[in-house]
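# Tertiary structure, described
Now for the letters of each chain:
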Amino acid sequence: MPIPLNSARGYSARGFQRGKGAGAGLAARMKKRAILLGCAGSIGRSSLDVLDGLADEWDVAGLATGSRGEVLTQLARRYRPRGVALANSQRVEEVRAGLPPDVRLFHGPAAAVELLDAVECDCVIAAIAGAASLPATLRAVELGRRVALANKESLVMAGELLMALARRTGAEIIPVD
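Only a predicted model underlies this, so the values are computations on that prediction, with no experimental measurement involved.

### Points about the overall build of the protein
Each helix and strand in the protein was counted, giving seven helices and seven strands. Pairs at least 24 residues apart make up 57% of the contacts formed inside the protein by residues separated by at least 6 positions.

Listed below in structure tokens is the structure:
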């Protein structure tokens, strides 16, 4: 079932439901953690709106963008994730200077993959556009993570591989676009 990105209220997609019933008290004590790949784009911003609406249940554990360093810095200050990833290393010093001291910075072409390896999470929101999303999406599935997949390119380019890998690792791929 696609996750509605335009509304945090009444949100009921699997893995993002509001805690009611058995375990709800535990859910209130232990927030789930999300890594958002593609945080500066429109789907990334919509995803952050949803996470804002579920702030009592979800933390932003990681953020990644290609080259929009100023957006990444602003979001890191707001959400205080454990790590951020910037694919374009030309902006790294600007981003590093603006980050809170406790936020780890990964940079370069493999930054999103390195972020996934270093930061634990309950869900990866894969909102990077186009072919650039494939390496990080593959890594998230390889790690057995729940992946909210917001682009079709990964499935078009490597659908059989992704699905076979998900079966092998126990990862869950949820389409959200």
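### Comments concerning helix H5 (residues 111–118)
Taken together, the buried positions of H5 are occupied by Ala-111, Ala-112, Leu-115 and Leu-116. Down the axis of H5, the sector holding all buried residues measures 140°, keeping them to one side. Considering only its buried residues, H5 is in contact with strand S1 (32–37), strand S2 (58–65), strand S3 (83–86), strand S4 (104–107), strand S5 (123–126) and helix H6 (134–142).

### Some thoughts on the state of the cysteines
Using the criterion set out here, one finds zero disulfides in the structure. Here Cys-121 is not disulfide-linked; the sulfur of Cys-123 is the nearest cysteine sulfur, at 7.0 Å. Residue class for Cys-121 comes out buried when judged on its relative accessible area of 7%.

### Here we look at the packing of H6 against helix H7 (residues 153–169)
In the contact formed by H6 and H7, the axes pass within 9 Å of each other and the chain directions differ by 15°. Taken together, H6 and H7 sit at an angle that is classed as roughly parallel. Helix-helix and strand crossings are classified by hand; for H6 and H7 the assignment is right-handed. On the side of H6, the interface is formed by Leu-134, Thr-137, Leu-138, Val-141 and Glu-142, while H7 contributes Ser-154, Met-157, Ala-158, Leu-161, Leu-162, Leu-165, Ala-166 and Thr-169. When its residues are assigned to classes, the contact of H6 with H7 shows nine nonpolar, three polar and one charged.

### Regarding unusual backbone geometry
Notably, Arg-80 is not glycine yet its phi reads approximately 50°, a positive angle. Within the secondary structure, Arg-80 is located in the loop between helix H3 (69–79) and S3.

### Things to note about the confidence of the model for the protein
When pLDDT is averaged along the protein, the result is 86, and 84% of the positions lie at 70 or above. Here helix H1 (residues 24–29) is the element of the protein with the lowest mean pLDDT, 52, and H5 is the one with the highest, 98.

### A short note on the pairing of strand S7 (residues 172–175)
Burial along S7 is one-sided: the residues Glu-172 and Ile-174 are buried and none of Ile-173 and Pro-175 is. Pairing between strand S6 (residues 146–149) and S7: four bridges, direction parallel. Looking across to S7, one finds that Val-147 is bridged to Ile-173. Crossover S6 to S7 through H7 is right-handed.

### Section: the environment of Ala-129
Locating Ala-129 in the fold gives a position in the loop between S5 and H6. Separated by 88 residues in the primary sequence, Ala-129 and Gly-41 place their C-alpha atoms 8.5 Å from one another.

### A word on the sheet that holds S3
Ordered by their spatial adjacency, seven strands build an open sheet running S4-S3-S2-S1-S5-S6-S7, and the pairing between neighbours is parallel. The open sheet terminates on both sides in strands that have one partner only, identified here as S4 and S7. Looking at each pair of strands side by side, their axes are set apart by 20° on average, direction ignored. Here S5 runs beside S6; their pairing, made up of four bridges, is parallel. Bridge pairing links Ala-126 to Leu-149 in S6. Contacts from H5 reach S1, S2, S3, S4 and S5, with the element oriented near 145° to S4.

The rules behind the values
- Residues numbered from 1 in each chain as written.
- Predicted model: local features only at pLDDT ≥ 70, side-chain atom pairs only at ≥ 80, totals over all residues.
- Heavy atoms only, no water.
- Helix = DSSP H or I, 4+ residues; strand = E, 2+ residues; numbered from the N terminus.
- Contact = heavy atoms within 4.5 Å.
- Buried < 20%, exposed > 50% of the residue type's maximum accessible area, 1.4 Å probe, protein only.
- Arc of directions from axis to C-beta.
- Disulfide = S-S within 2.5 Å.
- Axes fitted to C-alpha atoms, helices over the stretch in contact; angles between N-to-C directions.
- Parallel < 35°, antiparallel > 145°, perpendicular 65-115°, else oblique.
- Left-handed = near helix turned anticlockwise from the far one by under 90°.
- Nonpolar A, V, L, I, M, F, W, Y, C, P; charged D, E, K, R; others polar.
- pLDDT = per-residue confidence, 0-100.
- Pairing = 2+ DSSP bridges.
- Right-handed = clockwise from strand over helix to strand, strands pointing away.

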